[in-house]
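Commentary on secondary and tertiary structure
Letter by letter, the chains look like this.
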There are 2 protein chains.
Amino acid sequence: MSELPMTRADCEALDTADPLRSFRDRFDLPDGVIYLDGNSLGALPKATAPRLAEMVGGEWGGELIRGWLSRGWMAAPRAVGAKIARLVGAEADEVLVADTTAINLFKLLAAAIELNPGRTTVLSDTGNFPTDLYMVQGLGTLLGDRCRLRVVEPEAVEAAIDDDTAIVMLTEIDYRTGRRHDMARGTRAAHAKGALTIWDLAHSAGAIPVDLNRPLDLDGGRLDGPGADFAVGCGYKYLNGGPGAPAFLYVARRWQDKVRPALSGWLGHAEPFAFDLDYRPAPGIDRMICSTPSVLAVAALDCGVELMAEADAAARHAKSRALGDLFVGLVERDCAAHGFTLASPRNSTQRGSQVSFAHPQGYSIMQALIARGVIGDFRAPDLIRFGFAPLYNGHADVWDAVATLRAVMETAAWDRPEWRTRAAVT
Amino acid sequence: MSELPMTRADCEALDTADPLRSFRDRFDLPDGVIYLDGNSLGALPKATAPRLAEMVGGEWGGELIRGWLSRGWMAAPRAVGAKIARLVGAEADEVLVADTTAINLFKLLAAAIELNPGRTTVLSDTGNFPTDLYMVQGLGTLLGDRCRLRVVEPEAVEAAIDDDTAIVMLTEIDYRTGRRHDMARGTRAAHAKGALTIWDLAHSAGAIPVDLNRPLDLDGGRLDGPGADFAVGCGYKYLNGGPGAPAFLYVARRWQDKVRPALSGWLGHAEPFAFDLDYRPAPGIDRMICSTPSVLAVAALDCGVELMAEADAAARHAKSRALGDLFVGLVERDCAAHGFTLASPRNSTQRGSQVSFAHPQGYSIMQALIARGVIGDFRAPDLIRFGFAPLYNGHADVWDAVATLRAVMETAAWDRPEWRTRAAVT
């Protein structure tokens, strides 16, 4: 990165020159808060409240049951999915909004393992978000010896792919450290050994460049050959869809008519309104929807996705990297005496839009920061984690956050009895 | 039923005397509409819009990530579940709001079949909503010969329970005809043969008296012995939770620490924030939640549930039966010449809060009714279906609906080319 700013005014000058600066005014952020937790729950777009008011009063209240067709509720999971597709390098008909990340993952795991008969291993790594591993374990309770979870260290994944590997299931960005998997390399390695890939984009979508059809390597190069097979992602982090927003799933076109839904609900039936007694899957990705989506929740997600889609992707990523680099530089310069160890990759091409530092008093330090309006979060055992949302965070925010961190450390403000017991929330 | 009203004024008098009359003003209903489709999508409570506005602006926007604890988001699925529990005769810790009806059914099917080892049959009937059958078929793709769906006629269920029946899975109220299963009798018969029960309350919760712990028979008697084992239900019909509202599930206390979740997501982990690599189920019903719920959607559901819980259950059921009886009586008297055949049980204790008539031109007739502001719906092959929501429908609504039906028939208003092709929505 370029030279560290010496003053807050330097940061303000960088914000003034920021091509994404105007997006900050499109969010409702509370006064007195520097919000560096958009990687856990994204901020509130100003468009969301009026959209939900119209959705409730005008659409539900005014149209009642007719809204399924007259207001496009039935089509919304595909329509919002198509917008997300543009953010993750997929075709419009390859992405669907539905359910939760974990449940979508279950759908894809069950389908993918069947597409790779004779192989039983789902390979993942210790850096994966635990729910992903749990969903494989849950599927394993049903499939017995036809499904086995194998978990290795992130660096050992490639070498661990073998003739029994049905699926390589990786979360692109480690939720704790922000360490980024090389999607091009991982996909190539899996395919070379006959394995399918499921990528979890929870901390990627809206945060870093993603191209599922032509996966990127860490240097911006592209995979030559078939892209990602399957993916899931989260609506409530960088997509700003609201707490517990619906998730999305991706199925590459080449697999869409081959996947058999285990969660075979009526909305994924070829003819939902025929009310047949036997399930026949709908053509294409529609078979993966299962059941009636929350129309209110999908509408809220749409507002966040729209806003993200408006911002230039290259500018987003450049700013995200710059904010992360600035944070690392300032903490290491201004808090050098206080025992923080960088837990994220130093090279910003190798991480997502977040930075974590390890500190033995991490939990208490984060509580002190939050009490002073700097909101990040804590991840066991000792990580303080900060997310940088390029649409609403600025360089001066980073400056102020580090200044607050320094003040917390210099005054030992973290050392309070009520902060000695851990109670964290994702 | 008592004698049929001779005039609209008679109906107005009944409405004036209705102890539930004031609830109608708690809903936003569009002008010029008689809404008889609350069995498909419930109407909008007036409380919902301001609650969602506060939820979005005040809670999400103001609290951001802190809202999970500070505003009780994390506890909401249990809190709203406890309110629903009172509507369905369950203990507060036996009901959880989560996901969709179909997905909750999958969770319970997977858990229940494992609790009954050596048995492979899930027994259901042709009157079940197809998605319930499809979910068994989907589970069967994973379990192979350990899970087999058997579908018989509704009257044949009891005799079909045998030594291989692991689960008797029934929807209490037939979505097409409103025919009501005898929950006491069905539960007793299943238990007598060693089978477990899963009841789908989609068209029951909020519509008829339900007592999962001490199941009711059709005459209001109660089962002596263990109650229902498992149940699911829908939030967007009589509970007025909004389009695609979250669903709920019930697990009897005696099974809660025995069920193994196949959808084993992180929020159902014993220590979600420990981020262990291995799944360990939470105690009690919490293990069935899987993943992060849509907080906005749960808040909207809460508004509908609150309103329903305020109304006296006996008064609700009495009015629901009276409206249905009135509708049947008026159609048979005033539309006698027009070829309608009652498809619902004539005895109101044997049906849910809906009435269907068969007619060869059913689809076109329903379109003509909707064009005149009388909203019911159509179910293949020939049913027109009308739901009666005792909180917001009145006797005069029923009178007006039948008068409109009669006018449609006498003028052949249904006979328009654009209504010859069917396109219906649940």
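Residues numbered from 1 in each chain as written. Chains lettered and ligands numbered in written order. Predicted model: local features only at pLDDT ≥ 70, side-chain atom pairs only at ≥ 80, totals over all residues.

With that settled, consider the overall build of chain A. Looking only at helices and strands, one finds 13 helices and 15 strands in chain A. Out of the 426 residues in chain A, the part that is buried amounts to 58%. A separation of at least 24 residues holds for 75% of the contacts in chain A among residues at least 6 apart in sequence. (Helix = DSSP H or I, 4+ residues; strand = E, 2+ residues; numbered from the N terminus. Buried ≥ 20, exposed ≤ 12 C-beta atoms within 10 Å, placed from the backbone. Contact = placed C-beta atoms within 7 Å.)

The next thing to look at is the domain arrangement of chain A. Residues and elements named next belong to chain A. Domain boundaries in chain A define domain 1 (8-44 + 312-419) and domain 2 (74-310). Between the C-alpha centres of domain 1 and domain 2 the distance comes to 29 Å. With 26 residues of domain 1 in contact, the opposing surface of domain 2 contributes 22 residues. Mapped by element, the contributors of at least two residues to the side of domain 1 that touches domain 2 are α11 (313-334), β12 (354-358) and β15 (383-387). (Domains from an automatic or database assignment.)

Attention now goes to unusual backbone geometry. All names here are of chain A. A cis amide bond, omega 5°, links A380 with the succeeding residue P381. Tracing the backbone through its elements, the reader meets P381 in the loop between β14 (377-379) and β15. One non-glycine residue, N240, lies in the positive phi region at around 55°. Structurally, N240 is set in the loop between β9 (230-233) and β10 (247-251).

So, about the pairing of strand β7 (residues 165-171) of chain A. All names here are of chain A. Counting buried residues along β7, seven of its seven residues qualify, which places the element largely inside the surrounding structure. Pairing of strand β5 (residues 121-125) with β7 involves three bridges; the strand directions are parallel. Following the sheet pairing, T121 is matched in β7 by T165. As judged from the five bridges shared by β7 and strand β8 (residues 196-200), these two strands associate in the parallel manner. Opposite T171, over in β8, you have D200 as the bridge partner. Viewed along the sheet, the connection from β7 through helix α8 (residues 183-192) into β8 turns out right-handed. (Pairing = 2+ DSSP bridges. Right-handed = clockwise from strand over helix to strand, strands pointing away.)

We now examine the packing of helix α4 (residues 76-87) of chain A against helix α10 (residues 295-310) of chain A. The angle between the axes and the distance between the axes are what describe a pair of packed helices. Residue and element names in this part refer to chain A. At a closest axis distance of 10 Å, the pairing of α4 and α10 adopts a crossing angle of 25°. Compared by their axis directions, α4 and α10 come out roughly parallel. Relative to α10, the crossing made by α4 is left-handed. Of the residues in α10, those in contact with A76, P77, V80, K83, I84, R86 and L87 of α4 are V295, V298, L301, D302, V305, E306, M308 and A309. Broken down by class, the residue content of the contact of α4 with α10 amounts to eleven nonpolar, no polar and four charged. (Axes fitted to C-alpha atoms, helices over the stretch in contact; angles between N-to-C directions. Parallel < 35°, antiparallel > 145°, perpendicular 65-115°, else oblique. Left-handed = near helix turned anticlockwise from the far one by under 90°. Nonpolar A, V, L, I, M, F, W, Y, C, P; charged D, E, K, R; others polar.)

Turning next to the interface of chain B and chain A. Facing 76 residues of chain B, the contacting portion of chain A comprises 76 residues. Those elements that provide at least two residues to the side of chain B that touches chain A are α2 (48-63), α3 (67-70), α5 (101-115), α6 (130-143) and α10 (295-310) of chain B. Counting residues per element, the side of chain B that touches chain A draws most heavily on α6(B), at ten residues. Partitioned by chemical class, the residues of the side of chain B that touches chain A number 49 nonpolar, 21 polar and six charged.

On to the relation of the copies chain B and chain A. Put simply, the second copy of the chain is the first one after a rotation about an axis and a shift along it. Rotating chain B by 180° about the axis while translating it 0.0 Å along that axis superimposes it on chain A, leaving an RMSD of 0.0 Å. The relationship between the two copies is best expressed as a two-fold rotation axis. The fraction of interface residues of chain B whose copies in chain A are also interface residues reaches 100%, indicating that both copies meet through the same surface. (Least-squares fit on C-alpha atoms with pLDDT ≥ 70 in both.)

L109(A), I167(A), L296(A), V88(B), L109(B), I167(B) and L296(B) are the most contacted members of the largest nonpolar core, which totals 289 residues. Each residue touching L296(B), except ones within four places of it in the same chain, is listed here: G242(A), L296(A), A297(A), A300(A), L52(B), M55(B) and V56(B). (Core = buried A, V, L, I, M, F, W, Y, C linked by C-beta atoms within 7 Å.)

Residues and elements named next belong to chain A. Examined against the element boundaries, G62 turns out to sit in helix α2 (residues 48-63). For G62, a count of 19 C-beta atoms within 10 Å gives the class partly exposed. C-alpha of G62 to C-alpha of I198: the two residues are 136 residues apart in sequence and 41 Å apart in space.

Let us now look at the sheet that holds β8(A). All names here are of chain A. The mixed open sheet is built from seven strands, whose spatial order is β4-β10-β9-β8-β7-β5-β6. The sheet terminates laterally at β4 (95-98) and β6 (148-152), the two strands that pair on one side only. On average, each strand axis in the sheet is inclined to that of its neighbour by 20°, with strand direction left out of account. As paired strands, β4 and β10 are joined by four bridges and run antiparallel to one another. When the sheet's bridge partners are listed, V95 is paired in β10 with Y250. Packed on one face of the sheet, α8 meets β7 and β8 and runs near 155° to β8.

Next up on the list: the sheet that holds strand β11 (residues 341-342) of chain B. All names here are of chain B. Spatially, β11-β12-β15-β14 is the arrangement adopted by the four strands of the open sheet, whose pairing is antiparallel. If you trace the sheet from one side to the other, it starts and ends with β11 and β14 (377-379), each paired once. Set on the sheet, helix α11 (residues 313-334) makes contact with β11, β12 (354-358) and β15 (383-387); between it and β12 the angle comes to about 20°.

Our focus in this paragraph is the confidence of the model for chain A. Mean pLDDT over chain A works out to 96, with 98% of the residues at or above the 70 mark. In the predicted assembly, ipTM is 0.97 and pTM is 0.97. (pLDDT = per-residue confidence, 0-100.)

Another point: the environment of P243(A). With respect to the element layout, P243(A) can be found in the loop between β9 and β10. With 30 C-beta atoms packed within 10 Å, P243(A) lands in the buried category. Setting aside its immediate chain neighbours within four residues, P243(A) contacts L41(A), Y236(A), W60(B), G67(B), W73(B) and V295(B).

Attention now moves to the pairing of strand β5 (residues 121-125) of chain B. All names here are of chain B. Within β5, five of the five residues are buried, which leaves it mostly tucked inside the rest of the structure. Of the two faces of β5, both are covered, the one formed by T121, L123 and D125 as well as the one formed by V122 and S124. With five bridges connecting them, β5 and strand β6 (residues 148-152) associate as parallel partners. Across the sheet, V122 pairs through a bridge with L149, a residue of β6. With α6 bridging β5 and its parallel neighbour β6, the resulting β-α-β unit is right-handed.

Here we come to α5(B). For α5(B), built from 15 residues, the straight-helix expectation of 21 Å at 1.5 Å per residue is met to within 8% by its first-to-last C-alpha distance of 21 Å. With 13 of 15 residues buried, α5(B) is to be regarded as a mostly interior element. (Expected span 1.5 Å × (residues − 1).)

Attention now moves to the environment of T171(A). Residue and element names in this part refer to chain A. Locating T171 in the fold gives a position in strand β7. What makes T171 buried here is the crowd of 26 C-beta atoms within 10 Å. With residues up to four places along the chain from it excluded, the contact list for T171 reads N128, F129, D132, D200 and A202.

Our focus in this paragraph is the packing of helix α1 (residues 8-16) of chain A against helix α13 (residues 395-410) of chain A. All names here are of chain A. For the pair α1 and α13, interaxial distance at closest approach is 7 Å and the crossing angle is 155°. Here α13 runs roughly antiparallel to α1, going by the angle between their axes. Contacts between α1 and α13 involve R8, C11, E12, L14 and D15 on the former and, on the latter, H395, A396, V398 and W399. Residue classes in the contact of α1 with α13 are distributed as five nonpolar, one polar and three charged.

Moving on, we get to helix α8 (residues 183-192) of chain B. Looking only at α8(B), the buried set comprises M183(B), A184(B), G186(B), T187(B) and A190(B). A positive phi of about 80° marks G194(B), the residue just after α8(B).

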